[in-house]
Amino acid sequence: MEEVIRRWDVSSGECLHVYEKSGVGLVSCGWFPDGRGIFAGMTDRSICLWDLDGRELECWRGQRTLKISDMAITGDGKRTISICRESAILLLDREAKFERLIKEEDMITSFSLSKDSKFLLVNLINQEIHLWNIEGDPRLVARYKGHKRLDLALEDLTKLL
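None of these values were measured; they are calculated from a predicted model. Each chain carries its own residue numbering, running from 1 in the direction its sequence is written. Local features in a predicted model are, by the rule used here, given only for residues with pLDDT of at least 70; side-chain atom pairs are given and counted only at 80 or more, and totals for whole chains, interfaces and linings are based on all residues. Working from all heavy atoms in the structure, the side-chain values ignore hydrogens and water.

### Examining unusual backbone geometry
Then comes step 1: A positive phi is found at Lys97, a non-glycine position, where the angle reads about 55°.
Then comes step 2: Each helix is a run of H or I in the DSSP string that is no shorter than four residues. Each strand is a run of E no shorter than two, and both are numbered from the N terminus. Mapped onto the elements of the fold, Lys97 is located in the loop between β9 (88-93) and β10 (98-103).
Then comes step 3: Only protein chains enter the accessibility calculation, which uses a 1.4 Å probe; a residue whose area is less than 20% of its type maximum is buried, one above 50% is exposed, and one in between is partly exposed. Assessed through its relative accessible area of 57%, Lys97 is described here as exposed.
Then comes step 4: Phi is positive for Ser117, close to 65°, though the residue is something other than glycine.

### Considerations on the environment of Ile129
Then comes step 1: If you trace the backbone, Ile129 turns up in strand β13 (residues 128-133).
Then comes step 2: Taking the C-alpha atoms as reference points, Ile129 and Tyr144, separated by 15 residues in sequence, lie 5.0 Å from one another.

### Observations regarding the sheet that holds strand β14 (residues 139-145)
Remark on secondary structure: sheet strands pair via backbone hydrogen bonds, oriented parallel or antiparallel.
Then comes step 1: Think of it this way: DSSP has to see at least two bridges between two strands before they count as a pair. Taken together, the four strands give an open sheet; going across it, the order is β11-β12-β13-β14, and neighbouring strands pair in antiparallel fashion. Of all the strands in the sheet, the pair left with one neighbour each is β11 (108-113) and β14. Strand-to-strand, the axes of this sheet are offset by a mean angle of 20°, without reference to chain direction.
Then comes step 2: Relative to β14, β13 runs antiparallel, the two being bridged by six bridges. Counterpart to Trp132 in the pairing with β14 is Leu140. With axes taken as lines fitted to C-alpha atoms, and helix axes fitted only over the stretch in contact, angles between N-to-C directions fall between 0 and 180 degrees.

This is the structure:
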């Protein structure tokens, strides 16, 4: 299996660039909010960012991610967000080189960042959803109980914020 990211021109079908890291696989990827770069979760649990030309901008090694599929970058591109442990989310400030943790009581199944990057909805295995304000020091704003995980998509709730 080839573990690279390919950026394509959708009109012509031409591969514009291949992003890869020697010896490490890429599990998931996404765009910077401004479209000027790509970020990826790696098999070694690190997070890497590239510009469109393939120049590595940053790479945070160590246990930065647990569930690589749940990653986000705030609209201003300054913070990356990832699940770093079963019950914790890492907020990594790229400019200040500062980390904050959101610690939950139970296992996190997914999260969704609001469009304005001020709030985070966190879905827990115990069928609760927690709404966090992540401006400054993260603080729990609300708890929603009683939902059935199969009946709810966090992306739909994020549209309401």
